[in-house]
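Fold and geometry: a report
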Amino acid sequence: MLWWLRVRALPAVLAGTVLTVLLGSLTRSIVVPVPIVVGGISFPLPMAFLLPLVPVCLFLYGYGRSDAMAERTAVRRVALLDVAAVLGATAVAGAVGFHSGTGVMVARDFAGYLGVALIVRWCAGMLTAGLVVSVFPFVCASLGIRGGVPRVWAWPFLPAGSVPAALEVLFLLAVGVLLLWRGPLEWSRRADLAAA
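Values in this document were obtained by computation on a predicted structure and should not be read as measured data.

This part takes up helix H6 (residues 101-124). Counted at 1.5 Å a residue, the expected span for H6 with its 24 residues is 34 Å, and the 34 Å between its end C-alpha atoms agrees. Across the 24 residues of H6, 19 count as buried, placing the element largely inside the fold.

See below:
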């Protein structure tokens, strides 16, 4: 168990998650200009939408440090521990962010980005997952906002109380957790080994 905690860098992930949600609640006014592809020049992207990428990248870093062969032959079911870590970090983010609308949005975006990262990791490996999840909010901002109003598929930018955004995030996280439980595809494992 201590080996798993150390390899996954779980204390850093949990600390990063808590700090991200707290900082995201406070940095709503800091924005990054993002060019809009259709119908405008740029969109001011609040930093709060980018901060959840930090703990997601820490999660990917922890999974990338693992030895797949050792985990396959481990006595404990490592996938069960990984699922518990993902659900626990999501619950911690939700509990910390519950105090404000921005905190709820940051916690929701953390869960959604983590779901996207887990899905892409299962299909294409760790490096591709890190790249896709890092570009994802910029793609949503660039293609998913028309006239200052986000489309329904651009869930990171929907308001905190948006039911479609919550359902999309729950779906992404549920699929990501199921794929995490199953383990990555064989060629995805090979891609991770080649990158290491």
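Read on, since the account is not over.
The next point concerns the packing of aromatic side chains. If you walk through the whole model with that rule in mind, you get six aromatic pairs. Look at Phe 49 and Phe 157: their rings are 5.0 Å apart centre to centre, the planes differ by 65°, and that puts the pair in the edge-to-face class. Within this pair, whereas Phe 49 is found in the loop between strand E2 (42-46) and helix H3 (53-64), its partner Phe 157 is found in the loop between strand E4 (149-150) and helix H8 (163-182), the two being separated by 108 residues in sequence. For the pair Phe 49 and Phe 157, a shared accessibility class is recorded, and that class is buried. Each ring, one from Phe 59 and one from Tyr 63, has its centre 5.9 Å from the other, and the planes form 25°; the classification is stacked.

Our next topic: the layout of surface pockets. If you add up the space inside the second largest pocket, you get close to 190 Å³. Around the second largest pocket sit Thr 90, Gly 94, Val 104, Ala 107, Arg 108, Ala 111, Ala 160, Ala 166, Val 169, Leu 170 and Leu 173, which together line it. Only helix H5 (78-97), H6 and H8 provide two or more residues apiece to the lining of the second largest pocket. Within the lining of the second largest pocket, the residues separate by chemical class into eight nonpolar, two polar and one charged.

Let's shift gears to the packing of helix H2 (residues 10-26) against H5. Interaxial distance between H2 and H5 falls to 9 Å at its minimum, and their mutual angle equals 25°. As the angle between them shows, H2 and H5 are arranged roughly parallel. At the point where H2 passes H5, the crossing takes the right-handed sense. Residues Leu 10, Leu 14, Thr 17, Val 18, Val 21 and Leu 22 of H2 form the contact with H5, whose participating residues are Ala 85, Ala 89, Val 92, Ala 93, Val 96 and Gly 97.

Another aspect to go through is the packing of H2 against H6. Here H2 crosses H6 at 140°, and the two axes come no closer than 8 Å. For the element pair H2 / H6, the angle class is oblique. Crossing hand, H2 versus H6: right-handed. Along its contact with H2, which presents Thr 17, Thr 20, Val 21, Gly 24 and Ser 25, the element H6 presents Thr 102, Gly 103, Val 106, Ala 107 and Phe 110. Looking at the contact of H2 with H6, its residues break down into four nonpolar, six polar and no charged.

Here Pro 150 shows up in strand E4. As for Pro 150 and Cys 140, which are separated by 10 residues in sequence, their C-alpha atoms are 8.5 Å apart. Contacts of Pro 150, omitting those with residues within four sequence positions, involve Gly 144, Ile 145, Phe 157 and Leu 158.

Thresholds applied
Residues numbered from 1 in each chain as written. Predicted model: local features only at pLDDT ≥ 70, side-chain atom pairs only at ≥ 80, totals over all residues. Heavy atoms only, no water. Helix = DSSP H or I, 4+ residues; strand = E, 2+ residues; numbered from the N terminus. Expected span 1.5 Å × (residues − 1). Buried < 20%, exposed > 50% of the residue type's maximum accessible area, 1.4 Å probe, protein only. Phe/Tyr/Trp six-rings, centres within 6.5 Å; stacked < 30°, edge-to-face > 60°. 1 Å grid on protein atoms, 1.4 Å probe; cavity = no way out; pocket = protein on both sides within 12 Å on 5 of 7 lines; lining within 4 Å. Points joined across faces, edges and corners; volume = space filled by probe spheres on them. Nonpolar A, V, L, I, M, F, W, Y, C, P; charged D, E, K, R; others polar. Axes fitted to C-alpha atoms, helices over the stretch in contact; angles between N-to-C directions. Parallel < 35°, antiparallel > 145°, perpendicular 65-115°, else oblique. Left-handed = near helix turned anticlockwise from the far one by under 90°. Contact = heavy atoms within 4.5 Å.

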